[in-house]
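Examination of the molecular architecture
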Amino acid sequence: MTLLNKLTASRSAVTSAFDVLDQLREATASAKAEVSSVQSAPPPVDEIMTGLDIWLDRIATDGFDALRPGRLLAQGGATQGLDLPIFLERHDGFAVRDTSRAVEVLLGLVVALNRETFRTIIRGQIEDLVAGRETLSAASRSKRLAQAMQRVLEAELLEEAAIRQLENASLDVARRPDADPRALLAADNCLPS
Amino acid sequence: MATKELTFDPSRLTALARIRDAKRATIRDLGERYQQLRERRADAQRRANLAQANAQVTFGPAREAADNQTTKSQAEVDQIGARMQELQSEIDALAAEAGEAGMNFKTALAFAAEQGLTIPTTLADEAAVLDRTFAPGAR
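Residues numbered from 1 in each chain as written. Chains lettered and ligands numbered in written order. Predicted model: local features only at pLDDT ≥ 70, side-chain atom pairs only at ≥ 80, totals over all residues. Heavy atoms only, no water.

Quick word on the environment of Gln35(B)
All names here are of chain B. As a reminder, the rule being used: Strands are runs of DSSP state E lasting at least two residues, helices are runs of H or I lasting at least four, and both sets are numbered from the N terminus onward. Burial status follows relative accessibility: with a 1.4 Å probe on protein chains alone, a residue under 20% of its type maximum counts as buried, one over 50% as exposed, and anything between as partly exposed.
By the element assignment, Gln35 lies in helix α1 (residues 11–57). What makes Gln35 partly exposed here is its relative accessible area of 37%. The spacing of Gln35 and Phe8 is 27 residues in sequence and 42 Å in space, taken between C-alpha atoms.

Pasting the structure below:
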């Protein structure tokens, strides 16, 4: 083999080593993308509706409580009726009606009186939003997340193994600034060969 | 791929510090070379100015020689300037790499401290800085 051929061969070995490293980095990036996709996957519709029901119960109860029906028990109280909680905020020379609490109470009352209609519409909207997307229950999310994170670690260890091999061959390789410290500190004999 | 039981080797910290330090040392070397080039360029610029001043007060062959000297020195100034620009780009790229290498080292050092690994004595100073940074009430 001539010197030029040797040089070309060694240059192509270096190039392909860096190509392999690029592929490993792509594998790491794709494993990380899997983690993000598992983290951002919505819960199943039924799970969302269970959560929604807790909120509906709370605001419906709160709505009626805020009307303070106990006032009706007082002498002549019933004829005075019930009030929404509207507060008067006094400032220098003027006053403002604060209706934000009253709006919350009204929403609670609307929900309480039309709960099923409200649920059906919201459920339909949620089903449209999650259509075509993978949904994950809390248990399966935690399982899938653990698997995905394990794959990220394995990819990072492969990448670190390749970098150390390149360094051993006196090639200068920059590590990713967000490299996993477990891979950076892994003992040589723990790295995949 | 099944991951083997992971064990950590604190001496990797030394390797990571060495990589960072090597990059920093190269930046320093390049910085010195940049400074030398700056001086050489100033020198060439002085010569070009002097030759130009001479050209304005001489005639005939002497003026021609002065003009030639001006052109030559100016070309040298431009050439050194171009080399300085290249060197600056090289320094910038290396500074980014040194920053990343520094980040790798710091992340690994923090992790090693968290795991209670024995930090190599040569890195005790850096570990102490880390302790101060993360100590309660340090901020």
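Some words on helix α6 (residues 138–168) of chain A
Cut-off, in case you're wondering: Given the number of residues in a helix, its expected span is that number minus one, multiplied by 1.5 Å.
Taking 1.5 Å of rise per residue, 31 residues should cover 45 Å, and α6(A) covers 45 Å from first to last C-alpha, within 8% of that figure. Immediately downstream of α6(A), the backbone of Ser170(A) shows phi near 65°, a positive value.

Remarks on the interface of chain B and chain A
Cut-off, in case you're wondering: Any two residues whose heavy atoms approach within 4.5 Å at even a single point are treated as in contact. Two parts placed together each lose some accessible area under a 1.4 Å probe, and adding up what both lose gives the buried area. Salt bridge, as used here: a side-chain nitrogen of Lys or Arg that lies within 4 Å of a carboxyl oxygen of Asp or Glu. Under the rule applied, a polar contact is a pair of N or O atoms within 3.5 Å (in protein, one hydrogen donor and one hydrogen acceptor; residues adjacent in sequence only if both atoms are side-chain atoms). Lys, Arg, Asp and Glu make up the charged group, whereas Ala, Val, Leu, Ile, Met, Phe, Trp, Tyr, Cys and Pro make up the nonpolar group; the residues left over, Gly among them, are polar.
Taken together, the contact pairs 23 residues of chain B with 24 residues of chain A. Both sides of the chain B and chain A interface together cover about 2,000 Å² of buried area, and 63% of this is carbon and sulfur. Across the contact surface, chain B and chain A share two salt bridges. As a salt-bridge pair, Asp172(A) and Lys23(B) come within 3.2 Å of each other at their nearest N and O atoms. Counting the contacts that link chain B with chain A gives five residue pairs in polar contact (both at pLDDT 80 or more). Secondary-structure elements contributing two or more residues to the side of chain B that touches chain A are α1 and α2 (60–114) of chain B. No other element matches the eight residues that α2(B) contributes to the side of chain B that touches chain A. Its residues assigned to classes, the side of chain B that touches chain A shows 12 nonpolar, four polar and seven charged.

Topic: unusual backbone geometry
Residue and element names in this part refer to chain A. Within the chain, Arg68 stands out as a residue other than glycine whose phi angle is a positive 50°. Locating Arg68 in the fold gives a position in the loop between α2 (45–66) and α3 (77–80). The residue Ser170 is not glycine, and still its phi comes out positive at about 65°. Inspection of the secondary structure puts Ser170 in the loop between α6 and α7 (181–185).

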